[in-house]
Amino acid sequence: MNGFTAALSLLALALLVVAGVHGAARALRVSHEPLAAQPFGSGHEPVEHAVSRFHMRWYTVTMLFLAFDMEMVFMYPWTLVISVMGPTAVIEMFVFLGVLLSGVLYAWREGALRWA
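Reading the values: the criteria
Residues numbered from 1 in each chain as written. Predicted model: local features only at pLDDT ≥ 70, side-chain atom pairs only at ≥ 80, totals over all residues. Heavy atoms only, no water. UniProt positions renumbered as here; feature names shortened; annotations may be inferred. Helix = DSSP H or I, 4+ residues; strand = E, 2+ residues; numbered from the N terminus. Buried < 20%, exposed > 50% of the residue type's maximum accessible area, 1.4 Å probe, protein only. Lys, Arg positive; Asp, Glu negative; His and termini not counted. Salt bridge = Lys/Arg side-chain N within 4 Å of Asp/Glu carboxyl O. Contact = heavy atoms within 4.5 Å. pLDDT = per-residue confidence, 0-100. Expected span 1.5 Å × (residues − 1). Bend = angle between axes of the 7 residues up to and from the residue. Patch = residues over 30% accessible without salt bridge, like charges linked within 9 Å, V, L, I, M, F, W, Y side chains within 5 Å. Areas by Shrake-Rupley, 256 points an atom, 1.4 Å probe, with all protein chains shown as cover. Phe/Tyr/Trp six-rings, centres within 6.5 Å; stacked < 30°, edge-to-face > 60°.

For the protein, an unreviewed UniProt entry supplies the name NADH-quinone oxidoreductase subunit and the organism Streptomyces camponoticapitis. What UniProt records for the protein under Sequence similarities (unreviewed entry) is the sentence "Belongs to the complex I subunit 3 family." In UniProt, the protein has this text filed under Function (unreviewed entry): "NDH-1 shuttles electrons from NADH, via FMN and iron-sulfur (Fe-S) centers, to quinones in the respiratory chain."

Here is the structure:
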């Protein structure tokens, strides 16, 4: 059996397993109707629906978090290539950090980090 046939057979087997698990879950489920809203969060009654709208400031905080998360994604491999690349890697990272800092300063100026 060549590699292509083996890969195709493995894909078919995976699809059969997924279809079997999905069919078993569908056949063995208890209720076909969705559950009504019930208390959550340590037994407290829900104040609003779980899929309610969030205040706009949360989206800004999320974007800031993603920006700094991406900073870490780029800084870990940067530490490995800094000795090979030399001063250009240091300059590129400081430019990248400058762009991130300008984004934080803009968010700060616009009041995105104020909670009152």
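Engineer: Would you mind going over the side chain of Glu71 with me for this structure?
Structural biologist: Along the chain, Glu71 turns up in helix H2 (residues 56-85). Buried within the structure, Glu71 lacks any salt-bridge partner; its nearest side chain of opposite charge belongs to Arg109, at an N-O separation of 20 Å. When neighbours within four sequence positions are excluded, Glu71 is seen to be in contact with Phe96, Leu97 and Leu100.

Engineer: I'm lost on the confidence of the model for the protein in this one. Help?
Structural biologist: When pLDDT is low, close inspection of the predicted coordinates is not appropriate. On average, residues of the protein carry a pLDDT of 82, and 86% of them reach 70 or more. Per-element confidence in the protein is highest for helix H1 (residues 3-28), whose mean pLDDT is 94, and lowest for H2, whose mean pLDDT is 82.

Engineer: Looking at this structure, how should I read the UniProt feature "transmembrane region" (unreviewed entry) in the protein?
Structural biologist: Per the UniProt record, the feature "transmembrane region" (unreviewed entry) sits at residues 58-78 and 90-108. The annotated region residues 58-78 carries 100% helix and 0% strand content, and the separation between its end C-alpha atoms amounts to 30 Å. Secondary structure content for residues 90-108 is 100% helix and 0% strand, and the end C-alpha separation is 26 Å.

Engineer: I'm lost on H2 in this one. Help?
Structural biologist: At 3.6 residues per turn, the α-helix brings residues three or four places apart onto the same side. With 30 residues, H2 ought to run about 44 Å at 1.5 Å a step, and its terminal C-alpha atoms sit 41 Å apart, in line with that. Its maximal kink placed at Thr79, H2 deviates by approximately 45°. Regarding H2, the residues found buried are Leu64, Glu71, Met75 and Trp78. Turning to H2, the residues buried within the fold contact helix H3 (87-109). Gly86 lies just past H2 and shows a positive phi near 85°.

Engineer: What should I look at first to understand a nonpolar patch on the surface in this one?
Structural biologist: Nonpolar side chains collect at one region of the surface, where Phe54, Met56, Trp58, Tyr59 and Trp115 lie side by side and expose about 630 Å² of accessible area between them. Residue placement: Phe54 occurs in the loop between H1 and H2. Among the residues examined, Phe54 registers a relative accessible area of 56% and is labelled exposed.

Engineer: I keep staring at the packing of aromatic side chains and nothing clicks. Help me out?
Structural biologist: Tallied over the entire structure, the rule returns one aromatic pair. Judged by centre distance (5.4 Å) and plane angle (80°), the rings of Phe74 and Phe96 are edge-to-face. Taken together, the residues span a long stretch of sequence, with Phe74 in helix H2 and Phe96 in helix H3 at a distance of 22 residues. Among the residues examined, Phe74 registers a relative accessible area of 46% and is labelled partly exposed.

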